[in-house]
Amino acid sequence: MFSTMGFMPTFANILGAKLPSDRAIDGVNQIDVLNGKSTAGNRESLLTFIGPDLVAGRWKQWRYYFKDMARTGTGQQMVGGIYANAAPMYYPKFYNIEMDPHEDLQMTHYGWTAEPIFKVVQEYLASVKKFPNPPPSNATNFSQPLGK
């Protein structure tokens, strides 16, 4: 598993630079994947956000949705991803994305996989308490100059 967040720690490693310690770094060093020493990489989990909302998490081959993602629009204008509507759910949906990459078969018999992903979420929430996320940009708030 490799995400764009891995580039900063990986490039820092290549350059011999030290990562900042005054904030949480979500990425992991993936130099072994890039130089062919590993095919697995150094990441087992990845959280997915739409704006500031945590909507899904992945642990190994399991993807959990914490919010129901519904496509918006109709016909050719139907879109998903960052354009989807997110609605709260009572129970997460989860899929084995290696076995079912299109997420057609919602899993029900592998509840044991919830513990590792919820541990990842708890670690993220603890890091946000220690290093709060910056506020999202707001291009429609005209009471402050743009960019602040």
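Predicted model, so just to flag it, every value in this text is computed and none were measured.

Q: Can you break down the environment of Leu19 residue by residue, with the values?
A: Among the secondary structure elements, Leu19 is positioned in the loop between helix H1 (7-15) and helix H2 (31-34). For the pair Leu19 and Pro9, spaced 10 residues apart in sequence, the C-alpha separation works out to 6.9 Å. When sequence neighbours within four positions are dropped, the list of residues in contact with Leu19 reads Met8, Pro9, Ala12 and Ile25.

Q: Run through unusual backbone geometry, naming residues and quoting values.
A: The phi dihedral of Lys60 is positive, around 50°, even though this residue is not glycine. Within the element layout of this structure, Lys60 appears in the loop between strand S2 (53-59) and strand S3 (62-70). On the basis of relative accessibility, which here comes to 35%, the residue Lys60 falls in the partly exposed class. At Glu103, a position not held by glycine, the phi torsion is positive, near 55°. Assignment of secondary structure puts Glu103 in the loop between strand S4 (85-96) and helix H3 (114-130). Residue classification places Glu103 among the buried residues on the basis of a relative accessible area of 18%.

Q: Can you lay out the confidence of the model for the chain for me, pointing to particular residues and giving the numbers?
A: Here the chain shows a mean pLDDT of 82. Residues at 70 or above account for 80%. Element-level pLDDT for the chain is lowest in S4, with a mean of 75, against a maximum mean of 94 in H1.

Q: Outline the packing of aromatic side chains, listing residues and values.
A: Using the criterion set out here, one finds 10 aromatic pairs in the structure. Between Phe7 and Phe11 the ring centres are 5.6 Å apart and the planes differ by 25°, which places this aromatic pair in the stacked class. Of the two residues, Phe7 and Phe11 both sit in helix H1, four residues apart, roughly one turn of that helix. Ring-pair connections join several aromatic residues into one group, and the members of that group are Trp59, Trp62, Tyr64, Phe66, Phe94, Trp112 and Phe118.

Q: Now, about the pairing of strand S1 (residues 45-50): what can you tell me, with residues and values included?
A: Of the pairings in the sheet, the one linking S1 to S2 comprises six bridges and is antiparallel in character. Among the inter-strand pairings, Leu46 is bridged to a residue of S2, identified as Arg58. Between S1 and S2, which pair antiparallel and follow one another directly, the connecting turn spans two residues, one of which, Gly51, has a positive phi of 60°.

Q: Got a sec to walk through a nonpolar patch on the surface? Specific residues and values, please.
A: A cluster of nonpolar residues, Phe2, Phe7, Phe11, Ile14, Leu15 and Leu34, forms a patch on the protein surface that exposes about 600 Å² of accessible area. Its place among the elements puts Phe2 in the segment before H1. You can call Phe2 partly exposed: its relative accessible area is 33%.

Q: An account of the nonpolar core is requested, with residue identities and associated values reported.
A: If you look at soluble globular proteins, the nonpolar side chains tend to sit buried side by side. In terms of nonpolar packing, the biggest core is built from 13 residues, with Leu47, Trp62, Tyr64, Phe66 and Ile117 touching the most fellow members. Of all the secondary-structure elements, those providing two or more residues to this core are S2, S3 and H3. Per element, the largest residue contribution to this core is five residues, and it comes from H3. In contact with Ile117, not counting residues within four places along its chain, are Gly57, Arg58, Trp59, Tyr64 and Phe66. Val55, Tyr65, Tyr95 and Ile97 belong to the second-largest nonpolar core, a separate cluster that totals five residues.

About the cut-offs
Residues numbered from 1 in each chain as written. Predicted model: local features only at pLDDT ≥ 70, side-chain atom pairs only at ≥ 80, totals over all residues. Heavy atoms only, no water. Helix = DSSP H or I, 4+ residues; strand = E, 2+ residues; numbered from the N terminus. Contact = heavy atoms within 4.5 Å. Buried < 20%, exposed > 50% of the residue type's maximum accessible area, 1.4 Å probe, protein only. pLDDT = per-residue confidence, 0-100. Phe/Tyr/Trp six-rings, centres within 6.5 Å; stacked < 30°, edge-to-face > 60°. Pairing = 2+ DSSP bridges. Patch = residues over 30% accessible without salt bridge, like charges linked within 9 Å, V, L, I, M, F, W, Y side chains within 5 Å. Areas by Shrake-Rupley, 256 points an atom, 1.4 Å probe, with all protein chains shown as cover. Salt bridge = Lys/Arg side-chain N within 4 Å of Asp/Glu carboxyl O. Core = buried A, V, L, I, M, F, W, Y, C linked by side-chain atoms within 4.5 Å.

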